[in-house]
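Structural overview
So you can see what is in the structure, the chains are spelled out below.
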Amino acid sequence: QQQVKQSPQSLIVQKGGISIINCAYENTAFDYFPWYQQFPGKGPALLIAIRPDVSEKKEGRFTISFNKSAKQFSLHIMDSQPGDSATYFCAASLSQGAQKLVFGQGTRLTINP
Amino acid sequence: GAVVSQHPSRVICKSGTSVKIECRSLDFQATTMFWYRQFPKQSLMLMATSNEGSKATYEQGVEKDKFLINHASLTLSTLTVTSAHPEDSSFYICSARTGAVCYFGPGTRLLVL
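Quantities reported herein were computed from a predicted structural model and do not represent experimental measurements.

**Remarks on the side chain of B:Arg97**
- Following the sequence through the fold, B:Arg97 ends up in strand 9 (residues 90-98).
- Lacking a salt bridge, the buried B:Arg97 has A:Asp31 as its closest oppositely charged neighbour, with an N-O distance of 6.8 Å.
- Within the local environment of B:Arg97, its side chain forms a polar contact with the backbone oxygen of A:Leu94, the two atoms lying 3.0 Å apart.
- Separated by 2.3 Å, the side chain of B:Arg97 and the backbone oxygen of A:Gln99 make a polar contact.

Pasting the structure below:
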């Protein structure tokens, strides 16, 4: 009920290509879905987040697509660059109260130059 | 964006000693802070949730007497690893929540010899 499943575990994309990472959740009460980017030896950094009242949110080269009926959301990185090589985590939570984030397993993205 | 700091960034200690890690929200007040542990190439494992002025809520399997958490103010939480052993060596990351958004610190690398 509380799980967030993320795929793929690792992804290799050529420079300039589109990177796509998918997540699926179970708890329909979740109403906040962030994505975090983590470089080795650093803490996760908030990349972009979406709420279920919209189906898509775009910030620069990063887009979240959200499918409420399928309980799925995905991160698209357009024009992927070597500097985007990092581990990406999706997460879900309730926006009210002291609710914890439920994280996906992470995707290690490598952008080949 | 909001900034969360952690101190120290890395610490090496002898087995049996205690280590304190500080987590501060620098430009916002956080009613809730979270402490995570991360093993290499794995997702973040939530250890505990702490609310200002109250006792921390620990996740199942986390020893509260070993990992002491204090959330003394709206901008400061501390994690003390008591009687540290080599198996406690890990990357510890804190997170501070404001509204629905969680911001993460840069992490603390603990090595217990």
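**Thoughts on the environment of A:Lys58**
Residues and elements named next belong to chain A.
- Following the sequence through the fold, Lys58 ends up in strand 6 (residues 56-59).
- Note on Lys58: relative accessible area 60%, which makes it exposed.
- Taking the C-alpha atoms as reference points, Lys58 and His76, 18 residues apart in sequence, are found 9.2 Å from one another.
- Dropping the residues within four chain positions of it, Lys58 is found in contact with Ile48 and Thr63.

**A closer look at unusual backbone geometry**
Residue and element names in this part refer to chain A.
- Note that the residue after Ser7, namely Pro8, is joined by a cis bond; omega there is -5°.
- Although it is not a glycine, Asp79 sits at a positive phi angle of roughly 45°.
- Residue placement: Asp79 occurs in the loop between strand 8 (72-77) and strand 9 (86-92).

**What about the environment of A:Thr107?**
All names here are of chain A.
- Mapped onto the fold, Thr107 is located in strand 11 (residues 107-112).
- Expressed as a C-alpha distance, the spacing of Thr107 and Tyr88, which sit 19 residues apart in the sequence, is 5.2 Å.
- Beyond its immediate chain neighbours, meaning those up to four positions away, Thr107 contacts Gln6, Ser7, Pro8, Gln9, Ser10, Leu11, Ile21, Ala86, Thr87 and Tyr88.

**Digging into the interface of chain B and chain A**
- With 24 residues of chain B at the contact, the number on the chain A side is 23 residues.
- Across the chain B to chain A interface the summed buried area is about 1,600 Å²; carbon plus sulfur atoms make up 56%.
- Together, B:Arg97, B:Ala100 and B:Phe104 form the three largest contributors to the area buried by chain B at its contact with chain A, with a combined 30%.
- The interface formed by chain B and chain A contains 1 salt bridge.
- Where B:Glu59 meets A:Lys100, a salt bridge forms, and the shortest distance between an N and an O atom there is 2.9 Å.
- In this assembly, chain B and chain A are joined by 7 residue pairs in polar contact (both at pLDDT 80 or more).
- Residue assignment for the side of chain B that touches chain A shows that the elements contributing at least two residues are strand 4 (32-38), strand 5 (44-51), strand 9 and strand 10 (101-104) of chain B.

**Here's the deal with the side chain of B:Ser50**
Residues and elements named next belong to chain B.
- For Ser50, the position within the fold is in strand 5.
- For Ser50, the side chain forms a polar contact with the side chain of His71, separated by 2.9 Å.
- Residue contacts for Ser50: discarding those within four places in its chain leaves Thr31, Thr32, Met33, Ala56, Ile69, His71 and Ser77.

Rules behind the numbers
- Residues numbered from 1 in each chain as written.
- Chains lettered and ligands numbered in written order.
- Predicted model: local features only at pLDDT ≥ 70, side-chain atom pairs only at ≥ 80, totals over all residues.
- Heavy atoms only, no water.
- Helix = DSSP H or I, 4+ residues; strand = E, 2+ residues; numbered from the N terminus.
- Buried < 20%, exposed > 50% of the residue type's maximum accessible area, 1.4 Å probe, protein only.
- Lys, Arg positive; Asp, Glu negative; His and termini not counted.
- Salt bridge = Lys/Arg side-chain N within 4 Å of Asp/Glu carboxyl O.
- Polar contact = N/O pair within 3.5 Å; in protein donor to acceptor, adjacent residues only side chain to side chain.
- Contact = heavy atoms within 4.5 Å.
- Buried area = accessible area lost by both parts, 1.4 Å probe.

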